[in-house]
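Chains, contacts and geometry: an overview
One letter stands for each residue in the lines below.
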Amino acid sequence: MTIYFYDISEKPYGCFSNFSPHGFELDGLWWPTSEHYFQAQKFAGTSHVEEIRCCKTPAEAASMGRERTRPLRRDWEDIKEDVMGRGLLCKFQTHADIREVLLGTGDELIVEDAPQAERVGSMPTHSAFTIITSVW
């Protein structure tokens, strides 16, 4: 059975969303959501990182990260999947409750069912969040 998620209010799988309020510490900084982390990494080494990290909502962080008036790092296309993997791994390592939800999916296909989501890789689907379980 394929597991679909999108909105953070969807139980129990809304916690898979990058907008879910499951913050974590990574690279010496506290990230309110994995969306904040992902969007900020597009601008590593600039003041935009802190500006995005401090956004009040993940939607605001996403909006700022998608602005192309900011200097997108040159290697972004090469590293964005690794960046997402690091953020998700840290998120699920930090929060035992959502880690159990994730591990409880077993081998089921997990799909972010977002109508216009920015896709990290060429495949918008993951099995037990392949990014996480392959690192774990």
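Reading the values: the criteria
- Residues numbered from 1 in each chain as written.
- Predicted model: local features only at pLDDT ≥ 70, side-chain atom pairs only at ≥ 80, totals over all residues.
- Heavy atoms only, no water.
- Phe/Tyr/Trp six-rings, centres within 6.5 Å; stacked < 30°, edge-to-face > 60°.
- Buried < 20%, exposed > 50% of the residue type's maximum accessible area, 1.4 Å probe, protein only.
- Helix = DSSP H or I, 4+ residues; strand = E, 2+ residues; numbered from the N terminus.
- Polar contact = N/O pair within 3.5 Å; in protein donor to acceptor, adjacent residues only side chain to side chain.
- Contact = heavy atoms within 4.5 Å.
- Core = buried A, V, L, I, M, F, W, Y, C linked by side-chain atoms within 4.5 Å.
- pLDDT = per-residue confidence, 0-100.
- Arc of directions from axis to C-beta.

Structural notes on the packing of aromatic side chains
Following the criterion strictly, the structure yields 6 aromatic pairs and no others. Seen in terms of ring centroids, Tyr13 and Phe16 are 5.5 Å apart; in terms of plane orientation they differ by 40 degrees. Their pairing is tilted. The class for Phe16 is buried, based on a relative accessible area of 1%. Among the aromatic residues, those joined into a ring-pair cluster are Phe5, Tyr13, Phe16 and Phe92.

Details of the side chain of Ser34
Relative to the elements of secondary structure, Ser34 occurs in helix α1 (residues 34-40). Looking at Ser34, the relative accessible area reads 1%, which means it is buried. Of the polar contacts made by the side chain of Ser34, one reaches the side chain of Asn18; its length is 2.8 Å. Among residues more than four places away in sequence, those in contact with Ser34 are Ser17, Asn18, Phe24, Leu88 and Lys91.

Overview of the nonpolar core
Counting 26 residues, the largest nonpolar core has Phe16 and Trp31 as its most contacted members. Listing elements by their share of this core, those giving two or more residues are β1 (3-5), β2 (24-26), α1, α2 (48-53), α3 (58-66), α4 (76-94) and α5 (96-103). No other element matches the 7 residues that α4 contributes to this core. Ignoring anything within four residues of it in the chain, the contact list for Trp31 reads Gly23, Phe24, Leu26, His36, Tyr37, Ala40, Gln41, Val49 and Arg53.

Let's talk about the confidence of the model for the chain
Across the chain, the average pLDDT comes to 86, with 85% of residues at or above 70. This model gives residues 119-136 a pLDDT under 50, and the stretch forms 47 contacts once residues within four places in sequence are excluded.

Quick look at the environment of Pro115
Mapped onto the elements, Pro115 comes out in the loop between β4 (109-112) and β5 (125-127). Residue Pro115 is classed as exposed on the basis of its relative accessible area of 69%.

Section: α5
Here α5 has its buried residues at Ile98, Arg99 and Leu102. Each buried residue of α5 lies within a common arc of 105 degrees when the element is viewed along its axis, so the set occupies one face. Turned more than 90 degrees from where α5 packs its buried face, Asp97 and Glu100 sit exposed.

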